[in-house]
Amino acid sequence: MTTSTAATGPSLYELPADHPGSSDQAYRERRAAIAAVGEAYVVGQRIPEVVYTPEEDEVWRMVQSHLTVEHDRYAVAAYRDGAARLALRTDRVPQLQEVSDRLFALTGWRITPVPGLVPTRVFYGSLAERRFMSTQYIRHHSVPFYTPEPDVVHELIGHCNMLAEPRLADLYQLAGDASLRAESDEALEFFSRVFWFSLEFGVLRADGELRTYGAGLLSSYGEIGRFREARIEPFDLRTMGTTDYDISKYQPVLFAAESFDRAYDDLVEFFSTYGEAAYRVRWAGAADEEEAGPGV
Ligand SMILES: [Fe+2]
């Protein structure tokens, strides 16, 4: 199926002023037309095909080829294994259905197209069902190495390459399970921050250097080459779960695990045991305790 602007609602056209495509009417209409595919999607259907323009395919080729070089230098081995298994096409923007089919064969994950950002509980909750909610539109061609919002580059290169690696695929599902047990907004917020500082922007030490397993870094050409300049803090779940972040800037603070196995084991433990009760007992009030100081 090709896309049409006819079926789109006005909300799909809205972009924040700092979005590179906000003043480009053709881009906004095109983005809305692709978003409409996700808007109309019903789980269980095959994902309708989007016919990308030559310009959009060129953005994909350019960003993917640059990122692949960067991944050799900066990505953890498990991510590179996943990318090799998924083998995203390099000549044009992959169709979500073809990636979903391949992912399902590899690790049992499927892709659900969505029109844009979805509520936090909905996004994380779908991970428990081994379903990854993915946008389908691509960033503005004027700044191919930057996007202020998730786009198909972030979803496929950042997340789906990881979902093709069996251990990481299981870790994502555990995260989804944990989100379902976080009943209060506070517990979900703590969980979301841990997710942000690990599966979106996590780093770790491997062979004496920092590498990343975070989808946000792995899909950002501008940031992946600079994350080693961030302030690197120890991997500490309490600090991660209570640290603020700004989605629109390069992350000034990152949390580094001492090894992949250490990050993996700690996250498996956290996601497997996290829930409302665990939040109340172990994590709520963390700021008060720190203010009180050690020994109190
Ligand atoms: Fe993401």
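Here the structure is a predicted model, which means the values were calculated and not measured.

K.L.:
Explanation requested: the overall build of the protein in the structure shown.
P.N.:
The helix and strand tally for the protein stands at 14 helices and six strands. The C-alpha radius of gyration computed for the protein amounts to 19 Å, which stays within 12% of the reference 19 Å derived for 296 residues, consistent with globular compactness. Projected onto its principal axes, the C-alpha coordinates of the protein cover approximately 65 × 40 × 40 Å. Counting every position in the protein, which comprises 296 residues, the buried fraction comes to 42%. Taking as baseline every contact in the protein between residues at least 6 positions apart, the subset at least 24 positions apart corresponds to 67%.

K.L.:
For this particular structure, what's the right way to read helix H6 (residues 152–163)?
P.N.:
Along an α-helix, residues three or four apart share an orientation, since each turn contains 3.6 residues. By the criterion of burial, H6 is predominantly enclosed, with 12 of the 12 residues buried. Within the span of H6, buried status applies to Val152, Val153, His154, Glu155, Leu156, Ile157, Gly158, His159, Cys160, Asn161, Met162 and Leu163. For H6, the secondary structure elements touched by its buried residues are helix H2 (54–74), helix H3 (77–86), helix H4 (96–107), strand S2 (131–134), helix H7 (166–181) and helix H9 (215–218).

K.L.:
Looking at this model, I keep getting lost on the environment of glutamate 55. Mind explaining?
P.N.:
Take glutamate 55: it is sitting in helix H2. Taking the number of C-beta atoms within 10 Å as the measure of exposure, glutamate 55 has 11 and is therefore exposed. Considering only alpha carbons, one finds glutamate 55 and glycine 275, 220 residues apart in sequence, at a separation of 45 Å.

K.L.:
Which parts of the structure should I look at to understand H2?
P.N.:
Its 21 residues give H2 an end-to-end C-alpha distance of 30 Å, which sits within 8% of 30 Å, the value for a rise of 1.5 Å per residue. Within H2, burial applies to Glu56, Val59, Trp60, Val63, Gln64, Leu67 and Tyr74. On its buried face, H2 is in contact with H6, strand S4 (209–212) and helix H10 (221–224).

K.L.:
Where do I start with unusual backbone geometry in this structure?
P.N.:
Residues other than glycine predominantly adopt negative phi, and peptide bonds predominantly adopt the trans conformation. Phi at alanine 87 takes a positive value of approximately 50°, unusual for a residue other than glycine. Relative to the assigned elements, alanine 87 resides in the loop between H3 and H4. Notably, arginine 130 is not glycine yet its phi reads approximately 55°, a positive angle. Its place among the elements puts arginine 130 in the loop between helix H5 (120–127) and S2.

K.L.:
Quick question: what am I supposed to make of the confidence of the model for the protein here?
P.N.:
The predicted structure's coordinates, where accompanied by low pLDDT, should not be read in detail. Scored by pLDDT, the protein has a mean of 91; 92% of the residues are at 70 or more. Contacts from residues 1–10, a stretch scored under 50 in pLDDT, to residues over four places away or in other chains number 17 contacts. Confidence over residues 290–296 falls short of pLDDT 50; this stretch has zero contacts with residues more than four positions distant or in other chains.

K.L.:
For this particular structure, what's the right way to read the nonpolar core?
P.N.:
Core analysis: the largest hydrophobic core is formed by 76 residues, its most contacted members being Tyr79, Leu103, Cys160, Leu163, Ala175, Phe191 and Val194. The element best represented in this core is helix H8 (residues 185–200), accounting for eight residues. Beyond its immediate chain neighbours, meaning those up to four positions away, alanine 175 contacts Tyr124, Leu127, Phe195, Leu199 and Phe271.

K.L.:
Is there a simple way to explain the sheet that holds S4 in this structure?
P.N.:
Each strand in a sheet pairs with its neighbour through backbone hydrogen bonds, running either in the same direction (parallel) or in the opposite one (antiparallel). The four strands are arranged S4-S3-S6-S5 in an open sheet whose pairing can be described as mixed. Each edge of the open sheet is held by one strand with a lone partner, namely S4 and strand S5 (231–234). Neighbour-to-neighbour, the strand axes of the sheet open up by a mean angle of 45°, direction not taken into account. In this structure, S5 lies alongside strand S6 (residues 253–257), joined through four bridges in parallel fashion. When the bridges of S6 are listed, proline 234 appears paired with alanine 256.

K.L.:
So what exactly am I meant to see when it comes to the packing of H7 against H8 here?
P.N.:
A packed helix pair is summarised by two numbers, namely the angle formed by the two axes and the spacing between the axes. For the pair H7 and H8, interaxial distance at closest approach is 9 Å and the crossing angle is 165°. The orientation of H7 with respect to H8, classified from their angle, is roughly antiparallel. Where H7 crosses over H8, the two elements pack in a sense that is left-handed. For the pair H7 and H8, contact is made by Ala175, Ala178 and Ser179 and by Leu188, Phe191, Phe195 and Leu199, respectively.

K.L.:
Quick question: what am I supposed to make of the environment of tyrosine 52 here?
P.N.:
Here tyrosine 52 shows up in the loop between helix H1 (25–40) and H2. Between the C-alpha atom of tyrosine 52 and that of tyrosine 137, which follows or precedes it by 85 residues, the distance is 9.0 Å.

K.L.:
Got a minute to help me understand the packing of H5 against H7 in this structure?
P.N.:
At a closest axis distance of 6 Å, the pairing of H5 and H7 adopts a crossing angle of 130°. The orientation of H5 relative to H7 falls into the category oblique. Our pair here, H5 against H7, has a crossing hand that is left-handed. Where H5 abuts H7, its residues Arg121, Tyr124, Gly125, Ser126 and Leu127 lie against Tyr172, Gln173, Ala175, Gly176, Ser179 and Leu180. Of the residues assigned to the contact of H5 with H7, the class counts are five nonpolar, five polar and one charged.

The rules behind each value
- Residues numbered from 1 in each chain as written.
- Predicted model: local features only at pLDDT ≥ 70, side-chain atom pairs only at ≥ 80, totals over all residues.
- Helix = DSSP H or I, 4+ residues; strand = E, 2+ residues; numbered from the N terminus.
- Rg over C-alpha atoms; globule rule 2.2 N^0.38 Å.
- Buried ≥ 20, exposed ≤ 12 C-beta atoms within 10 Å, placed from the backbone.
- Contact = placed C-beta atoms within 7 Å.
- Expected span 1.5 Å × (residues − 1).
- pLDDT = per-residue confidence, 0-100.
- Core = buried A, V, L, I, M, F, W, Y, C linked by C-beta atoms within 7 Å.
- Pairing = 2+ DSSP bridges.
- Axes fitted to C-alpha atoms, helices over the stretch in contact; angles between N-to-C directions.
- Parallel < 35°, antiparallel > 145°, perpendicular 65-115°, else oblique.
- Left-handed = near helix turned anticlockwise from the far one by under 90°.
- Nonpolar A, V, L, I, M, F, W, Y, C, P; charged D, E, K, R; others polar.

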